[in-house]
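Analysis of the macromolecular model
Each chain, written out:
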Amino acid sequence: MKDVLLECRQLGKDYHIGTRTVHAVREISLQLQRGSFTAIMGPSGSGKTTLLNLIGTLDMPTHGKLFFEGIAVDSLNDDQLADFRRENIGFVFQLFNLIPSLNVMENVMIPLLPFRKELSFDLEDRARELIAMVGLGERFDHLPGELSGGEQQRVALARAMLNHPKLILADEPTGNLDTGMGKEVMSSLKKLKEEQGTTILLVTHDVHIASYAGEILNIQDGILAS
Ligand SMILES: Nc1ncnc2c1ncn2[C@@H]1O[C@H](COP(=O)(O)OP(=O)(O)OP(=O)(O)O)[C@@H](O)[C@H]1O
Ligand SMILES: [Mg+2]
């Protein structure tokens with residue numbers, strides 16, 4: 001049985017710079033099955049980040065449609081879209097984007113602190129559970145500056161998983177890490193995926209990192225190469 005979490009139908013994004021048009025993403029059609037782990041590879045400037053941002057609804061397509069659990073995302077207004085993102089998607093970036101003055105616990109909890117009363121789970125328990133899962137159970141009160149790059153990215157993974165997202169979008173999450181730390185981050189990601197059943201879409205330049213995925217998509221000049 002196919003269980004499609006997300007579908008792109010001829011998704012495209014053009015940028016206009018003066019009189020020039022850049023077709024960053026052109027007519028990309030794909031489906032992500034629930035629980036799948038997909039890597040996107042391709043040269044610099046091929047449209048990987050643009051595609052990820054379209055799928056994450058951080059950016060709107062100029063062509064085509066995006067469906068999440070069968071719902072056309074473009075039918076949502078801005079408020080609904082913000083709720084949609086918070087409820088369904090976790091983001092991980094190349095730069096870890098942790099707040100230097102907050103400790104590990106605080107960094108993980110901060111995106112949902114304003115919504116604490118509306119949550120169906122205990123925020124602190126959930127944060128603790130995730131921090132332990134990424135192997136930082138002894139570091140709850142450390143500041144980001146007291147952690148290695150790999151450890152900081154694992155904190156960012158825990159933060160991205162906080163709201164039980166159905167989809168994790170990761171844009172070169174190991175791009176700033178050496179091989180050893182990259183492996184640690186990937187095994188944490190894999191563990192979270194297996195224990196939480198999350199679907200993952202990850203951009204990487206590194207074939208070893210891509211090999212953690214069940215499927216690899218290649219993108220060239222904004223087009224999916226088969
Ligand atoms: N905001 C923007 N305005 C204009 N052009 C843009 C914008 N964002 C991206 N582009 C262009 O769209 C194309 C795709 O960019 P994108 O950032 O998606 O590439 P990428 O595959 O993520 O590259 P990299 O591997 O270097 O991160 C590039 O030609 C880029 O210059
Ligand atoms: Mg990019």
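Anyway, here's the lowdown on the structure attached to this text. (Residues numbered from 1 in each chain as written. Chains lettered and ligands numbered in written order. Predicted model: local features only at pLDDT ≥ 70, side-chain atom pairs only at ≥ 80, totals over all residues. Heavy atoms only, no water.)

The subject of this paragraph is the pairing of strand β3 (residues 37–41). The two faces of a sheet get side chains in turn, since along a regular strand they alternate between them. Counting buried positions over the 5 residues of β3 gives 5, a clear majority of the element. Side chains F37, A39 and M41 of β3 all project onto a buried face; the interleaved residues T38 and I40 project onto the opposite face, where all are buried too. The pairing of β3 with strand β8 (residues 199–203) spans 4 bridges and is parallel. The partner of T38 across the bridge, within β8, is L201. As paired strands, β3 and strand β9 (residues 215–220) are joined by 4 bridges and run parallel to one another. Bridge pairing in β9 places A39 opposite I216. (Buried < 20%, exposed > 50% of the residue type's maximum accessible area, 1.4 Å probe, protein only. Helix = DSSP H or I, 4+ residues; strand = E, 2+ residues; numbered from the N terminus. Pairing = 2+ DSSP bridges.)

What follows is about the pattern of salt bridges. Scanning all chains against the criterion turns up 12 salt bridges. In this structure, K65 and D74 form a salt bridge, with 3.1 Å as the shortest nitrogen-oxygen distance. With a relative accessible area of 47%, D74 lands in the partly exposed category. Put simply, E129 and R126 hold a salt bridge, and the shortest N to O gap is 3.3 Å. On the criterion of helical spacing, the pair formed by E129 and R126 is a turn pair, its members being 3 residues apart in helix α4 (residues 123–133). Here R126 falls in the buried class, since its relative accessible area comes to 3%. Several salt bridges share partner residues, and in doing so they unite D3, R34, E69 and K166 into one network. (Salt bridge = Lys/Arg side-chain N within 4 Å of Asp/Glu carboxyl O.)

Right, let's talk about the site of ligand 1 for a bit. Taken together, the neighbourhood of ligand 1 is formed by 14 residues, with S44, G45, K48, T49 and T50 sitting nearest. A distance of 2.8 Å separates an oxygen atom of ligand 1 from a polar backbone atom of G45. Contacts to ligand 1 include T50, whose side-chain N or O atom sits 2.6 Å from an oxygen atom. Coverage of ligand 1 by the protein amounts to 62% of the 630 Å² it exposes when considered alone. Elements with a minimum of two residues in the shell around ligand 1: β1 (4–17), β2 (20–33) and α1 (48–55). It is α1 that provides the largest number of residues to the shell around ligand 1, a total of 3 residues. The class makeup of the residues in the shell around ligand 1 is 5 nonpolar, 7 polar and 2 charged. (Near = heavy atom within 4 Å. Polar contact = N/O pair within 3.5 Å; in protein donor to acceptor, adjacent residues only side chain to side chain. Areas by Shrake-Rupley, 256 points an atom, 1.4 Å probe, with all protein chains shown as cover. Nonpolar A, V, L, I, M, F, W, Y, C, P; charged D, E, K, R; others polar.)

In this fold, T50 is placed in helix α1. Leave out the neighbours within four places in its chain, and T50 touches K13, Y15, A24 and V25. (Contact = heavy atoms within 4.5 Å.)

This brings us to the sheet that holds β8. The strand order across the open sheet formed by 6 strands is β6-β7-β8-β3-β9-β10, and the pairing between neighbours is mixed. Each end of this open sheet is capped by a strand with a single partner; those strands are β6 (89–92) and β10 (223–225). Neighbour-to-neighbour, the strand axes of the sheet open up by a mean angle of 25°, direction not taken into account. Sitting on the sheet, helix α2 (residues 78–88) is in contact with β6 and β7 (167–171), with an inclination near 75° to β6. Along the sheet face, helix α5 (residues 149–161) touches β6 and β7 and points at about 165° away from the line of β6. (Axes fitted to C-alpha atoms, helices over the stretch in contact; angles between N-to-C directions.)

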